[in-house]
Amino acid sequence: MGVSNPLLPRVATVVDIIRETGDVNTFRVVFDDLEEMAAWNHRPGQVAMLSVFGVGEATFCLSSSPTCRDWLEFSVRRAGKVTTALHELEPGAKVGVRGPYGNSFPYEAMRGKHLLVIGGGIGLAPLRPLVNFMLAPENRKDYGKIEIIYGGRSYNDLCYKEELFRTWPEAPDVTVWTTIDVAEEAWQGHVGFVPAYVEEVKPTPEDKFVVICGPPIMIKFTVKALENLGFAADHIYTTLEMRMKCGIGKCGRCNVGARFVCRDGPVFSLTELNQLPQEY
Amino acid sequence: MDSKIIKKEKLLSLLERFIADYHVLAPVREDGVLFYRPVDIPGDIELNPGRSVLPPKGRLFPQTEALYGYRVEGEKLTLNEYVEEERQVVLFGVHPCDLRSFAVLDAVFLEEPRDAYFAARRNNTVLVGVSCSSVLPECFCTTYGISPVEGNGADIHLTDVGAGAYLVEILTPRGKDLLQKFESFFEDNVAGAAEAKRAKEASLVKKISLQVKVDGLHEKMASIFENPYWEKLSRRCLGCGVCTYVCPTCHCFDIMDDGTKEEGERFRCWDSCLFREYTLHTSGHNPRHALAQRLRNRFFHKLSYNNQRYNTEGCVGCGRCVALCPVNIDIREVIGTVRGLV
Ligand SMILES: Cc1cc2nc3c(=O)[nH]c(=O)nc-3n(C[C@H](O)[C@H](O)[C@H](O)COP(=O)(O)OP(=O)(O)OC[C@H]3O[C@@H](n4cnc5c(N)ncnc54)[C@H](O)[C@@H]3O)c2cc1C
Ligand code: SF4
Ligand code: SF4
Ligand code: FES
């Protein structure tokens, strides 16, 4: 069986744990077999299964850029069994990784276009590899301006602060707008929900793709705002979350209509979503 | 296509040879209930089995299956894949509807990336089909173009043609190898056997009580997704999941760990889209929170999604879910109603 058993994880080591927020940690992971590391390739938007043996497996998006060849990153919100077990790990711990699974953001079709990134909370995790892929020196010339509108409940709930407040704003042709839900003493920035902020920022739709990730309610109202601003459904992309077990179209669990989120998703355009039953 | 004849007493001694050379799984009765089980004695085997409670798909996709073991020793974590079976398996006595179900499962499990466990078992299984001898009230295989006497999908296929003789059809190269290996058990085909098979078919097909049609149905089903019919139907459903557990084409599974952090195994087991937990997120959000949504999902899977995804029918008309649903939810009736609605 050994040659190709897609359900068999590869053993990897957690080399670093970055505390993003009160309940989100980013796990930096390296395969024990360096050939595995060299052979790994993912596209922005894809997911993988992370295992804590004895506890179970769960699905996470790859939050590191495909252009980073030294490690993989997963940003994990503590929620249940597996995610809590992950949060209890220390650097050096062994985990299992299998993947990458699913389609990706249409970074090929996005060439020569501008990009608007809209995220809420941990929803920035699947968008981060896309931004960092486009900002990589070898790719930067292929893409236009990048606008990022990102919000969290509080300052402490914002992920990737180093990139959000330093790396990205300092990069040429990148604009970042951040907002938090409720005012805080030390916060000088915008206060309010993401959809309202989008209406305020008034991004223009010309030659632009939009990618949105965050809580379902945020996505719903943001999409409305975007449609009012003249964005077309086939230029708006988001990711769907369904429970997943196999990641490879066998276990049946992630179906929305005839589509499997693990194979045909997790990235869908709004046009595609409008054709799917509302069961996600 | 090559065909032979085998006499009943020769068939029993052939089964004895099979048992010596292979691992044989065949229909046996336990307390009057039919199951596919490993057998050691040819006399235990039901030669004209009829419908088993659980389908023979368990041979390819077991109800629970260990995927691999894990063990932590100091700094080291090792994963042990389970080794393949040494002996080939003969799965004996599979009826035409269940033979077709293997093709439905193939489309799922052998699609890239292949499921290594299913593929290994599939590859290591010789399939001996058996024509039906009777039709049960819930059978409707003909809806899907399946004949109760045809062995499509089997390596060799047997039909009882009367007078203690079976017509043996050799359907694949693997079936041919089997025949060559055990040549002395078979006789040349005789005039009349093929006619006897046709006559048998005609009499069986006549007994199928409810003829339903599904042609062109799957494309139209999207239009009744929101129809109140599903809610009404679900009012009597218990959500017990029996219909999915007994279905030869259902392929959903869960993956879980059994063991400590130091040592244990990861396994998979059948799961059911009728269960609330199946789609429940950790956050409490449930995309199919209502039983009506889950029941609708099951029928859409069988009657539409499978066609869309794999271009094959997702039901084979075995009638198990009809026979075993505690509240008599009947897929034939659903098809009939749906035809009227689309
Ligand atoms: C495409 C996709 C991408 C995701 N990306 C991320 C990410 O980048 N960061 C992050 O923190 N979370 C992400 N999630 C959610 C994450 O998979 C769940 O939070 C996690 O599975 C919960 O597991 P648990 O064992 O801690 O919770 P428990 O409730 O204890 O889980 C029990 C079982 O339910 C399953 N389960 C529960 N909720 C979900 C869910 N929403 N999706 C899938 N399976 C679920 C788990 O697989 C587990 O086996 C993603 C989910 C999907 C489907
Ligand atoms: S849906 Fe019912 S009749 Fe159809 S294959 Fe499954 S168990 Fe048999
Ligand atoms: S067997 Fe009948 S009652 Fe049980 S889940 Fe299926 S349809 Fe519902
Ligand atoms: S996660 Fe198993 S089919 Fe999608």
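Owing to the predicted nature of the structure, the values given are computational and were not obtained by experimental measurement. Residue indices follow the written sequence of each chain, beginning from 1 at its first position. Chains carry letters and ligands carry numbers; both start at the beginning, A for chains and 1 for ligands, and go up in the order they are written. Per-residue local features are limited, in this predicted model, to residues with pLDDT of at least 70; the limit for side-chain atom pairs, both in listing and counting, is 80 or more; totals at the level of whole chains, interfaces and linings are taken over all residues. The basis for every side-chain value is the complete set of non-hydrogen atoms in the structure, without hydrogens or water.

Visitor: Give a description of the environment of Arg198 of chain B that names residues and reports values.
Guide: All names here are of chain B. Mapped onto the secondary structure, Arg198 falls in helix α5 (residues 193-206). Given the relative accessible area of 40%, Arg198 is considered partly exposed. Sequence-distant contacts of Arg198, that is, excluding residues within four places in its chain, are made with Val149 and Glu150. Within the structure, the side chain of Arg198 is placed 2.7 Å from the side chain of Glu150, a separation counted as a polar contact. Secondary structure follows DSSP: runs of H or I at least 4 residues long count as helices, runs of E at least 2 residues long count as strands, and numbering of each begins at the N terminus. For every residue, the accessible area (1.4 Å probe, protein chains only) is compared with the maximum for its type, and the residue is labelled buried under 20%, exposed over 50%, or partly exposed between those bounds. The contact definition used throughout considers only heavy atoms, calling two residues in contact when any of these lie within 4.5 Å. The term polar contact refers here to a pair of N or O atoms within 3.5 Å; inside protein, the definition further demands a hydrogen-donor-capable atom paired with an acceptor-capable atom, and it admits residues adjacent in sequence only when both atoms are side-chain atoms.

Visitor: Would you mind going over the pattern of salt bridges in detail, with residue names and values included?
Guide: When a carboxyl oxygen of Asp or Glu lies within 4 Å of a side-chain nitrogen of Lys or Arg, that pair is called a salt bridge. In this structure the tally under the stated criterion is 45 salt bridges over all chains. Residue Arg10 of chain A pairs with Glu36 of chain A through a salt bridge whose shortest N-O separation is 3.3 Å. Here Arg10 of chain A is found in strand β1 (residues 10-19), whereas its partner Glu36 of chain A is found in helix α1 (residues 34-39), with 26 residues between them in sequence. On the accessibility criterion, Arg10 of chain A (26% relative accessible area) is partly exposed. A salt bridge links Arg268 of chain B to Asp115 of chain B, with the nearest nitrogen and oxygen atoms 2.8 Å apart. Separated by 153 residues along the polypeptide, Arg268 of chain B in strand β12 (residues 263-270) and Asp115 of chain B in the loop between α2 (96-109) and α3 (116-123) bring together distant segments of the chain. With respect to burial, Arg268 of chain B and Asp115 of chain B carry one shared label: buried. Overlapping salt bridges bring together Glu150, Glu169, Lys197, Arg198 and Glu201 of chain B as one network.

Visitor: Which residues make up the side chain of Thr143 of chain B, and what are the values?
Guide: Residues and elements named next belong to chain B. Tracing the sequence through the fold places Thr143 in the loop between β7 (125-130) and β8 (156-160). For Thr143, a relative accessible area of 13% gives the class buried. Within the structure, the side chain of Thr143 is placed 2.8 Å from the backbone oxygen of Val212, a separation counted as a polar contact.

Visitor: Give a detailed account of the site of ligand 1, specifying residues and quantitative values.
Guide: Nearness is judged by heavy atoms alone; a residue qualifies as near a molecule or strand once a single heavy atom is within 4 Å of it. Close to ligand 1 lie 22 residues, the nearest being Thr59, Arg77, Lys81, Val82 and Thr83 of chain A. Site remark: ligand 1 is flanked by residues from chains A and B. Between ligand 1 and Glu241 of chain A, the relevant distance is 3.1 Å, taken from a nitrogen atom to a side-chain nitrogen or oxygen of the residue. Separating a nitrogen atom of ligand 1 from a side-chain N or O atom of His281 of chain B is a distance of 3.4 Å. Here ligand 1 has 830 Å² of accessible area as a free molecule, and 87% of this is covered by the chains. Among the secondary structure elements, those contributing two or more residues to the shell around ligand 1 are β4 (56-61), β5 (72-77) and α2 (81-87) of chain A. Of the residues forming the shell around ligand 1, the biggest block, five residues, is contributed by β4 of chain A. Broken down by class, the residue content of the shell around ligand 1 amounts to 10 nonpolar, six polar and six charged. Areas reported as accessible are Shrake-Rupley estimates using a 1.4 Å probe. Residue values count occlusion only from the protein chains shown. Polar here means any residue other than Ala, Val, Leu, Ile, Met, Phe, Trp, Tyr, Cys and Pro, which are nonpolar, and Asp, Glu, Lys and Arg, which are charged; Gly is therefore polar.

Visitor: Give a detailed account of the confidence of the model for chain B, specifying residues and quantitative values.
Guide: Residues and elements named next belong to chain B. For chain B, per-residue confidence averages 94 on the pLDDT scale, and 100% of positions sit at 70 or higher. The weakest mean pLDDT in chain B belongs to helix α6 (residues 217-220) at 90; the strongest belongs to α2 at 98. Our summary of model confidence lists the complex with pTM equal to 0.94 and ipTM equal to 0.92. Values of pLDDT, which run from 0 to 100, indicate the predictor's confidence residue by residue.

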